[in-house]
Amino acid sequence: MEVEAYRGPDDLASHARFGPSKRNAVMFGSPGVAYVYLVYGMYHCLNVVVEAEGRAAAVLIRAVEPLRGIDEMRSARSAVAESRAAGRGKAAAEAAARRVATMPASRLAAGPGLVCAAFSIDTGMTGRDLCDPDADLRLELGDVAAELPVATGPRIGIDYAAEPWLSLPWRFFVPGNQSLSTGSSR
DNA sequence: GCAAGGATATCG
DNA sequence: GATATCCTTGCA
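What counts, and at which threshold
Every chain begins its residue count from 1, and numbering advances along the sequence as written. Chain letters and ligand numbers both follow the written order, the letters beginning at A and the numbers at 1. Thresholds applied to this predicted model are a pLDDT of at least 70 for local features of residues and 80 or more for the giving and counting of side-chain atom pairs; totals over whole chains, interfaces and linings are not thresholded and use all residues. Side-chain numbers come from the whole structure's heavy atoms, not from hydrogens or water. Buried, partly exposed and exposed residues are distinguished by accessible area as a fraction of the type maximum, computed with a 1.4 Å probe on protein chains only: under 20%, between the cut-offs, and over 50%, respectively. Secondary structure elements follow DSSP: runs of H or I of four or more residues count as helices, runs of E of two or more count as strands, with numbering from the N terminus. Whether two residues are in contact is decided by their heavy atoms, any of which lying within 4.5 Å being enough. For this analysis, a salt bridge means a side-chain nitrogen from Lys or Arg found within 4 Å of a carboxyl oxygen belonging to Asp or Glu. Pairs of N or O atoms within 3.5 Å make up the polar contacts considered here, provided that, within protein, one atom can donate a hydrogen while the other can accept it, and that residues adjacent in sequence are counted only when both atoms are side-chain atoms. Only residues whose relative accessible area exceeds 30% and that take part in no salt bridge are eligible for patches, with like-charged residues grouped when within 9 Å of each other and nonpolar side chains (Val, Leu, Ile, Met, Phe, Trp, Tyr) grouped when within 5 Å. Shrake-Rupley sampling with a 1.4 Å probe provides the accessible areas, and residues are treated as covered by the protein chains on show and by no other component.

Asker: What is the right way to look at helix α3 (residues 112–119) in this model?
Answerer: Among the eight residues of α3, six are classified as buried, and the element is accordingly described as predominantly covered. At its buried positions, α3 is contacted by β3 (43–49), β4 (58–63) and α1 (70–85). Backbone geometry just downstream of α3 places Ser120 in the positive-phi region, at approximately 55°.

Following this line, the structure appears as structure tokens:
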């Protein structure tokens, strides 16, 4: 499990840094809803809006550890990997699918883009209430989370906004967990 | 080590 | 309207 915190207009690394816009509008809205955006033209990232309405802040879900539904996550990952590699030929698509099929379950959602691929999340999820107990995508209290150790570190991929105070340890993760993103080892 | 890929924010 | 940029990933 690995997450990062992003604040409002005072956080140069946050999408809310320039105030409300069409893309980040939900960050200024009610807490507990999903904010999904497209990064690098091909990967989605899932955020959970926090803070009261009118105060933009969100938590980026960078990696999760699959506990149940592993087969479903694997087939979802395989589907996107296959279609993405399809442009490079049939052999490449089959190789990509096979790589997903043989990877350990702990790596199925070990990255922000991979979390969304495993859960079939796209920008259409933006604005959905993640606290609704009947929603098909929702947050629940886990029974093991409270006992897990939590480590902190600097956020990843925001070197462009490397103000001194921005290297605050706003990335939180379970140390030694097999499902951390590859970037987290930096 | 770096290309792919598209929406978006920030300009002319 | 054009273009630089990006909270990444997988292949060379």
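There's plenty left to go through after this.
Asker: Looking at this structure, how should I read the pattern of salt bridges?
Answerer: Should their charged atoms come close, side chains of opposite charge can pair. Tallied over the entire structure, the rule returns eight salt bridges. In this structure, Asp11 engages Arg155 in a salt bridge whose closest nitrogen and oxygen atoms are separated by 2.8 Å. Here Asp11 is found in the loop between β1 (2–6) and β2 (34–39), whereas its partner Arg155 is found in the loop between β5 (151–153) and β6 (171–173), with 144 residues between them in sequence. You'll find Asp11 and Arg155 in the same group, each marked buried. With its nearest N and O atoms 2.8 Å apart, the salt bridge here joins Glu140 to Arg138.

Asker: Sorry, what's going on with unusual backbone geometry here?
Answerer: Excluding glycine, a negative phi dihedral is what most residues carry, and trans is how most peptide bonds are arranged. Located in the positive-phi region is Tyr40, a residue other than glycine, with phi close to 55°. Relative to the helices and strands, Tyr40 resides in the loop between β2 and β3. Under the relative-accessibility criterion, Tyr40 is labelled exposed at 70%. Phi angles above zero are rare outside glycine, and Glu51 is one such case at about 70°. Relative to the elements of secondary structure, Glu51 occurs in the loop between β3 and β4.

Asker: Could you clarify how one ought to interpret the environment of Glu65 in this entry?
Answerer: Along the chain, the position of Glu65 falls in the loop between β4 and α1. Measuring from C-alpha to C-alpha, the distance between Glu65 and Asn177 comes to 8.3 Å, with 112 residues separating the pair along the chain. Not counting residues within four places of it along the chain, the set of residues in contact with Glu65 comprises Asn177 and Ser179. Within polar-contact distance, the side chain of Glu65 engages the side chain of Asn177 at 2.9 Å.

Asker: Any chance you could explain a nonpolar patch on the surface here in plain terms?
Answerer: Nonpolar side chains collect at one region of the surface, where Tyr40, Met42 and Tyr43 lie side by side and expose about 360 Å² of accessible area between them. If you trace the backbone, Met42 turns up in the loop between β2 and β3.

Everything listed is a geometric property; what it means functionally is a separate question.
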